[in-house]
Amino acid sequence: MLLSGGIDSATALYMVRREYSVRALTFEYHGIARQELRASESIASRAGVSEHRLVRVPDLREAGDIPGGLFGGLPPTYIPLRNSVFYSFAASYGEEVGASVLVGGHNRDDLEVFRDVTPRFFSSLERAFRAASPILDKNRLRIVRPLGRMTKPKVISLASSLGVPLERTWSCHGDGKAHCWKCDGCLTRRRSFAEAGVLDPLSPGRGKIT
Ligand SMILES: [Zn+2]
C-alpha cells in the first residue's frame with residue numbers, strides 16, 4: 001500500500017492489515033518534510049507491516065515548487081500526475097511480490113479536488129496494469145481505497161476507534177520539530193479533529209478551533 005506520514009493512509013493501513021499481509025511504499029519527492037518520512041516509518045513499524053520500502057523520486061516536485069507551473073485551481077501541494085507515477089511504482093512492487101491488491105488512503109474530500117483519485121482513473125489503471133503484467137492479471141489486481149466514501153472527520157473518528165497512533169502522524173507542510181498550526185495542512189487537521197469530536201494528541205489546543 002501507499003503510505004505517507006498522514007492520518008488517511010495510516011487509517012487505511014489499520015483497516016487493511018486486519019485482512020491482508022501488508023507491505024508499504026513511501027515516496028520521497030522533492031521537498032517532502034523529513035518529519036513526514038519519519039512519521040511513515042514510525043507508523044509502518046507500529047502497524048507491523050512485513051516490509052516498508054522508500055522510493056526516492058527527487059525530481060518530482062509539488063506545483064508550488066515549479067516556477068511558472070500552470071495547474072489551474074489545484075493546490076500548491078499537487079504533484080503533476082502524482083498518482084499515475086506513485087501507483088506505477090506500487091504495481092511494479094506488486095508484480096515483484098505477487099500482490100493482488102494495491103491500497104491507497106484517498107478520502108472523499110480528495111475527490112472534490114483531484115482528478116487522479118476518481119473511480120474512472122483507478123479502473124483505467126487496473127486495466128492498464130493487468131494488460132501489462134501476466135502476474136497481476138492472473139491475480140486479478142484491484143486498487144482498493146477503503147476511505148473513498150469518508151470525509152476527513154469521519155476518517156479521524158474511525159482512526160480513533162481502530163487505535164491508529166495519531167500522535168505519530170504528521171500533517172504539517174513545514175518541517176519543524178512540531179506542527180506549526182498555521183499552514184493549510186495543520187488548519188485542516190485542527191478543523192477535522194474538532195468536527196469529529198476527537199482530541200488531537202498533538203494539538204496544543206487539544207482539538208478545539210481557536
Ligand atoms: Zn503546519
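A brief report on the enclosed structure follows. (Residues numbered from 1 in each chain as written. Predicted model: local features only at pLDDT ≥ 70, side-chain atom pairs only at ≥ 80, totals over all residues. Heavy atoms only, no water.)

**Overview of the coordination of the zinc ion**
- Only Cys-172 (SG), Cys-180 (SG), Cys-183 (SG) and Cys-186 (SG) from the protein coordinate the zinc ion, and they sit 2.3 to 2.4 Å from it.
- In the primary sequence, the donor residues of the zinc ion line up as C-x7-C-x2-C-x2-C. Remark: Cys-183 occurs in the loop between helix 7 (152-162) and helix 8 (184-196) and Cys-172 occurs in the loop between helix 7 and helix 8; sequence separation between them is 11 residues. The residues Cys-172 and Cys-183 share a single accessibility class, namely buried. (Donors = N, O, S within 2.8 Å, 3.2 Å for Na, K, Ca; no water. Helix = DSSP H or I, 4+ residues; strand = E, 2+ residues; numbered from the N terminus. Buried < 20%, exposed > 50% of the residue type's maximum accessible area, 1.4 Å probe, protein only.)

**Structural notes on the side chain of Ser-9**
- Residue position: Ser-9 is located in helix 1 (residues 7-16).
- Look at Ser-9 and you get buried, because its relative accessible area is 6%.
- Beyond its immediate stretch of four places on either side in the chain, Ser-9 contacts Met-1, Leu-2, Leu-3, Ser-4 and Gly-105. (Contact = heavy atoms within 4.5 Å.)

**Here's the deal with the pattern of salt bridges**
- Within the structure shown, the criterion is met by eight salt bridges.
- Across the pair Glu-167 and Arg-46 runs a salt bridge whose closest N-O atoms are separated by 3.7 Å. Here the residue Glu-167 occupies a position in the loop between helix 7 and helix 8, and Arg-46 occupies one in helix 2 (residues 34-47), the gap between them amounting to 121 residues.
- Residue Glu-167 is classed as partly exposed on the basis of its relative accessible area, which comes to 40%.
- Here Arg-46 falls in the partly exposed class, since its relative accessible area comes to 40%.
- Across the pair Glu-51 and Arg-53 runs a salt bridge, and its minimum N-O distance is 3.5 Å.
- Its relative accessible area of 26% is what places Glu-51 among the partly exposed residues.
- In this structure Arg-53 comes out as partly exposed when scored by relative accessible area, which is 25%.
- What you see here is one network of salt bridges that share partners, running through Arg-23, Glu-51, Arg-53 and Glu-96. (Salt bridge = Lys/Arg side-chain N within 4 Å of Asp/Glu carboxyl O.)

**Here's the deal with the packing of aromatic side chains**
- Counting across every chain of the model gives six aromatic pairs.
- Measuring from centroid to centroid gives 6.1 Å for Tyr-78 and Phe-114, while their planes differ by 20 degrees, and the two rings are stacked. In this pair, Tyr-78 sits in the loop between strand 2 (51-57) and helix 3 (82-97) while Phe-114 sits in the loop between helix 4 (108-111) and helix 5 (119-132), placing the two residues 36 residues apart along the sequence.
- Clustering of aromatic rings is evident, with ring pairs tying together Phe-27, Phe-86 and Phe-89.
- Taking the ring centre of Phe-114 as reference, the NZ or CZ of Arg-82 above it sits at 5.2 Å. (Phe/Tyr/Trp six-rings, centres within 6.5 Å; stacked < 30°, edge-to-face > 60°. Lys NZ or Arg CZ within 6 Å of the ring centre and 35° of its normal.)

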